[in-house]
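# Structural features, examined
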Amino acid sequence: MSSILRRITADDRREAASVLDDFKVTLAAAGTELPSTGIDWNCASVTGVVLIDLGAAPVSVVTKLTDVIRDGVRARRELHQGEDWYPRAGQAVTLNTAEGAPLAAEVVVATQRLVTIRLDGRR
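Reference entry: report on the structure contained in this document. (Residues numbered from 1 in each chain as written. Predicted model: local features only at pLDDT ≥ 70, side-chain atom pairs only at ≥ 80, totals over all residues. Heavy atoms only, no water.)

Here we come to helix 2 (residues 10-29). Taking 1.5 Å of rise per residue, 20 residues should cover 28 Å, and helix 2 covers 29 Å from first to last C-alpha, within 8% of that figure. The set of residues buried in helix 2 consists of Ala10, Arg13, Ala16, Leu20 and Leu27. The buried residues of helix 2 occupy an angular sector of 125 degrees when the element is viewed end-on, so they sit on one face. Turned more than 90 degrees off the buried face of helix 2, the exposed positions are Asp11, Arg14, Glu15, Asp22, Val25 and Ala29. Check the buried side of helix 2 and you find it contacts helix 1 (3-8), strand 1 (38-40), helix 3 (41-47), strand 2 (51-53) and helix 4 (59-79). Just downstream of helix 2, Gly31 is the residue with a positive phi angle, here 80 degrees. (Helix = DSSP H or I, 4+ residues; strand = E, 2+ residues; numbered from the N terminus. Expected span 1.5 Å × (residues − 1). Buried < 20%, exposed > 50% of the residue type's maximum accessible area, 1.4 Å probe, protein only. Arc of directions from axis to C-beta. Contact = heavy atoms within 4.5 Å.)

Turning next to the nonpolar core. Ala16, Leu20, Ile39, Ala44 and Val50 form the largest nonpolar core, which has 5 residues in total. Residues within four places of Ile39 in sequence aside, it is in contact with Ala16, Ala17, Leu20, Val50, Leu51 and Ile52. (Core = buried A, V, L, I, M, F, W, Y, C linked by side-chain atoms within 4.5 Å.)

Further remarks concern the sheet that holds strand 3 (residues 92-96). Here we have 3 strands laid out as an open sheet, ordered 3-4-5, and antiparallel in their pairing. Here the strands that pair on one side only, and so sit at the sheet edges, are strand 3 and strand 5 (115-118). Ignoring which end each strand starts from, the neighbouring axes of this sheet average 50 degrees apart. Note: strand 3 against strand 4 (residues 102-110), 5 bridges, orientation antiparallel. Across the sheet, Leu95 pairs through a bridge with Leu103, a residue of strand 4. (Pairing = 2+ DSSP bridges. Axes fitted to C-alpha atoms, helices over the stretch in contact; angles between N-to-C directions.)

Everything listed here is a matter of coordinates, which is why it stays silent on function.
The following block contains the structure:
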């Protein structure tokens, strides 16, 4: 990695290491682990983008992670039930046509009063 790129990505590399450590500790608290997680330093040295590689995992581990994530999603929904919901930029949403057909969309910009979405790649 060039010294300039190394300086530019220093904060990102530190953040990635911290996030990966937190992820591993959280997985351990859930009673599981992903055996081949790591930071993709090669991508960082070429593109300047630091990626965390979650690696491969046996079916039993993915099943456990799915259960843990599902439980977390349910708990979060219950916690926020009855509160106003506002989409966030980058979030996937589903809209319904007048006929009731679902349309996949992505939130491009969101404030509490205005939401811009993208349908079929259009803005």
